[in-house]
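Here's the letter readout for the chains.
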Amino acid sequence: ALSDRLRAVALEIPIGSKIADIGSDHAYLPCFAALQGLISYAVAGEVNEGPFQSAKNQVEKLNLNDRIKVRKGNGLEVIEKDEINVITIAGMGGPLISEILEAGKDKLNGKERLILQPNIGAKSIRLWLIENGWELIKEHILEEDQKIYEILVAEKGNPHAPYSNEEREADLLLGPFLKKEKNEAFQKKWKHELLKWKKIIRQIDQKAQNEDTVEKRKDLMNKIQMVEEVLNDEI
Ligand code: SAM
């Protein structure tokens, strides 16, 4: 069975789409989407030989060769004249996802929906989307096997729309939609981050300070205050 994480990504694919799944590994996501009748076509891209072979094997095993093209290449370069309208990039760090989007900008026509699932560092994706005119339209957060995952959905539009002026920094870090909803997974993630940051502060305080540690301590204190305000704020 497909993981809850990838299932949540698949739920954001409009029916009948042509998707490019970048960093597809076993091509589980496009295979699931094809078998469920969610998509008419997919490109599964992989930069590494091992995962590329896994993807090819999986697609062959399920007899999906006619609808899923497995291609080897870096990031969005695997997209050809495929009329792709959805790009999924899942299971990597936010900074890597942003790098892939930045390097592959030329491949985007602006009509696509981006469904991005960073394991960490979602903030760097939010910043990339703003810089490049993509509007964050939805966010999800979920827990599976003790890990917490975020899913960001974007389309071309007003990139500033979901962000508030007063709480911009918190929106960028926590996610403007997630921060409003504050579900269980969200609270768990940020309570855990708070504990980590407080531990680092205790470690800093046990040593002699220098310019760097003073700066780092200040940053952490700001983040702690910001996140505590969000978590403690009752509805
Ligand atoms: N997307 C799948 C998922 O969410 O379960 C697989 C995630 S796996 C942890 C990340 C995959 O991305 C690896 O198979 C890796 O080879 C691939 N990858 C990393 N950088 C890439 C890039 N620049 N272009 C294409 N694939 C990449």
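Small disclaimer: the values here were computed from a predicted structure and weren't measured.

In a beta sheet, neighbouring strands pair by backbone hydrogen bonds and run either parallel or antiparallel. The strand order S3-S2-S1-S4-S5-S7-S6 describes an open sheet built from seven strands, whose pairing is mixed. Two strands in the sheet have a free side with no partner beyond their single neighbour: strand S3 (68-72) and strand S6 (134-144). Across the sheet, the mean angle from the axis of one strand to that of its neighbour is 15 degrees, orientation sign disregarded. In terms of strand pairing, S6 meets strand S7 (residues 147-156) through ten bridges, oriented antiparallel. Bridging from a neighbouring strand, His140 pairs with Ile151 of S7. Lying over the sheet, helix H2 (residues 28-35) contacts strand S1 (17-22), strand S2 (39-46), S3 and strand S4 (86-92), oriented at roughly 170 degrees with respect to S2. Seen against the sheet, helix H8 (residues 184-205) touches S6 and S7 and runs at an angle of roughly 80 degrees to S6.

Right, let's get into the site of the ligand. Around the ligand sit 16 residues, and of these Gly23, Asp25, Pro51, Ala90 and Gly91 come closest. Of all the secondary-structure elements, those providing two or more residues to the shell around the ligand are S2 and S4. In terms of residue count, the dominant contributor to the shell around the ligand is S4 (three residues). Looking at the shell around the ligand residue by residue, the class counts come to seven nonpolar, seven polar and two charged.

To continue, consider helix H5 (residues 122-131). Inspection of H5 places Ala122, Ile125, Arg126, Trp128 and Leu129 among the buried residues, and these make up the whole buried set. One side of H5 holds all its buried residues, which, seen down the axis, span an arc of 160 degrees. Contact partners of the buried residues in H5: helix H4 (94-103), strand S5 (113-118), S6, S7 and helix H6 (168-174). Positioned one or two residues after H5, Gly133 has a phi angle of 80 degrees, which is positive.

Moving on to the domain arrangement of the protein. The parts lose accessible area when they come together, and the size of an interface is often stated as this lost area. When cut into domains, the protein gives domain 1 (4-162) and domain 2 (185-232). If you average the C-alpha positions of domain 1 and of domain 2, the two centres end up 32 Å apart. Across the boundary between the two partners, domain 1 contributes four residues, which contact four residues of domain 2. No other element matches the three residues that S6 contributes to the side of domain 1 that touches domain 2.

Along the polypeptide, Val86 turns up in strand S4. What makes Val86 buried here is the crowd of 21 C-beta atoms within 10 Å. As for Val86 and Tyr41, which are separated by 45 residues in sequence, their C-alpha atoms are 10 Å apart.

Tracing the backbone through its elements, the reader meets Met92 in strand S4. For Met92, a count of 19 C-beta atoms within 10 Å gives the class partly exposed. Each C-alpha atom, one on Met92 and one on Phe186, is 19 Å from the other, the two residues being 94 residues apart in sequence.

We now examine unusual backbone geometry. Of note, the phi angle at Asp25 is positive, near 55 degrees, even though the residue is not glycine. Along the chain, Asp25 falls in the loop between S1 and H2. On the basis of neighbour count, Asp25 is assigned to the partly exposed category, with 18 C-beta atoms found within 10 Å. For Glu83, which is not glycine, the phi torsion reads 55 degrees and is therefore positive. By secondary structure assignment, the location of Glu83 is in the loop between S3 and S4. Judged by the 11 C-beta atoms lying within 10 Å of it, Glu83 is exposed.

Each value, and the rule that gives it
- Residues numbered from 1 in each chain as written.
- Predicted model: local features only at pLDDT ≥ 70, side-chain atom pairs only at ≥ 80, totals over all residues.
- Pairing = 2+ DSSP bridges.
- Helix = DSSP H or I, 4+ residues; strand = E, 2+ residues; numbered from the N terminus.
- Axes fitted to C-alpha atoms, helices over the stretch in contact; angles between N-to-C directions.
- Contact = placed C-beta atoms within 7 Å.
- Near = placed C-beta within 6 Å.
- Nonpolar A, V, L, I, M, F, W, Y, C, P; charged D, E, K, R; others polar.
- Buried ≥ 20, exposed ≤ 12 C-beta atoms within 10 Å, placed from the backbone.
- Arc of directions from axis to C-beta.
- Domains from an automatic or database assignment.

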